[in-house]
Amino acid sequence: ISSVFNKMYGFPRITYKDQVITGSNFGLMRGVVSIALAFSQVLSSGMIASHLLVAVAFYWKAVVEEGSRSYGVMGILSLVGLVFFVVFFSLGIRAIPWVIMSEILPINIKGLVGSIATLANWLVSWLITMTSNLLLHWSQGGTFTIYTVVSAFTVVFVALWVPETKGRTLEEIQWSFR
């Protein structure tokens, strides 16, 4: 679904727009990126909560009787959790890698590094797609517990290692990686 949304709304084109933006608009772009990153942290927390909801629903569904009222409610809760995950992901962290690449990479290597990052993105998507069925057969609740931990790691990773770009030059941003 994420790939379809990327194609429909054209988020990878942000890197091209960043090359065109100059002067005072460039500072405006950096401010928008800072706000987007803060907003994505809140939405990433929503991703964690939605994965946790699905995991708890699957764990609870394994405990209750199949014909009971709780059994049906847990199925609905797991569906609601998945829908909320898609919403939180689509509004939050989905476009962040493309925005980050446009912010922290020098123009002379944006094409090469952007291609490598896109390849990595598609390979990880393929890996998740190929392993999810295997993991769901192993443990439905366990699968979403793993996804919850990965989502939590994403929030910690962004908070600790993604640099603030607001009001900083490209050289200052690159210096923060040394």
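Residues numbered from 1 in each chain as written. Predicted model: local features only at pLDDT ≥ 70, side-chain atom pairs only at ≥ 80, totals over all residues. Heavy atoms only, no water.

A.B. asks: Honestly, the overall build of the protein chain in this entry has me stumped. Any pointers?
C.D. replies: Counting its secondary structure elements, the protein chain contains eight helices and zero strands. In sequence order, the secondary structure elements of the protein chain are arranged as α-α-α-α-α-α-α-α. Across the 178 residues of the protein chain, 32% fall into the buried class. In the protein chain, the share of contacts with a sequence separation of at least 24, taken over all contacts with a separation of at least 6, comes to 73%. (Helix = DSSP H or I, 4+ residues; strand = E, 2+ residues; numbered from the N terminus. Buried < 20%, exposed > 50% of the residue type's maximum accessible area, 1.4 Å probe, protein only. Contact = heavy atoms within 4.5 Å.)

A.B. asks: So what exactly am I meant to see when it comes to the environment of tyrosine 59 here?
C.D. replies: Among the structural elements, tyrosine 59 can be located in helix α3 (residues 24-63). Considered as a pair, tyrosine 59 and serine 139 are 80 residues apart in the sequence and their alpha carbons are 9.0 Å apart. Tyrosine 59 has contacts with Ser139, Gly141, Gly142 and Thr145, leaving out every residue within four places of it along the chain. Of the polar contacts made by the side chain of tyrosine 59, one reaches the backbone nitrogen of glycine 142; its length is 3.3 Å. Within the local environment of tyrosine 59, its side chain forms a polar contact with the side chain of threonine 145, the two groups lying 3.2 Å apart. (Polar contact = N/O pair within 3.5 Å; in protein donor to acceptor, adjacent residues only side chain to side chain.)

A.B. asks: Is there a simple way to think about the packing of helix α5 (residues 96-104) against helix α6 (residues 107-138) in this case?
C.D. replies: For any two helices packed against each other, one specifies the crossing angle of their axes together with the interaxial distance. Look at α5 against α6: their axes get within 11 Å of each other, and the N-to-C directions meet at 160°. Taken together, the axes of α5 and α6 are roughly antiparallel relative to one another. The crossing of α5 and α6 is right-handed. Here α5 contributes Trp98, Met101 and Ser102 to the contact with α6, which in turn contributes Lys110, Val113, Gly114, Ala117, Thr118 and Asn121. Of the residues in the contact of α5 with α6, the class split is four nonpolar, four polar and one charged. (Axes fitted to C-alpha atoms, helices over the stretch in contact; angles between N-to-C directions. Parallel < 35°, antiparallel > 145°, perpendicular 65-115°, else oblique. Left-handed = near helix turned anticlockwise from the far one by under 90°. Nonpolar A, V, L, I, M, F, W, Y, C, P; charged D, E, K, R; others polar.)

A.B. asks: Even after reading the chapter, I still don't get the packing of aromatic side chains, so can you show me in this structure?
C.D. replies: Note on aromatic pairs: each is described by the distance of the centres and the angle between the planes. Taken as a whole, this structure holds six aromatic pairs when the rule is applied. Aromatic pair phenylalanine 58 and phenylalanine 144: ring centres 5.7 Å apart, planes at 25°, arrangement stacked. With phenylalanine 58 in helix α3 and phenylalanine 144 in helix α7 (residues 140-161), this pair connects stretches of sequence that are 86 residues apart. Classification of phenylalanine 58 by relative accessible area gives buried; the value is 16%. Classification of phenylalanine 144 by relative accessible area gives buried; the value is 9%. (Phe/Tyr/Trp six-rings, centres within 6.5 Å; stacked < 30°, edge-to-face > 60°.)

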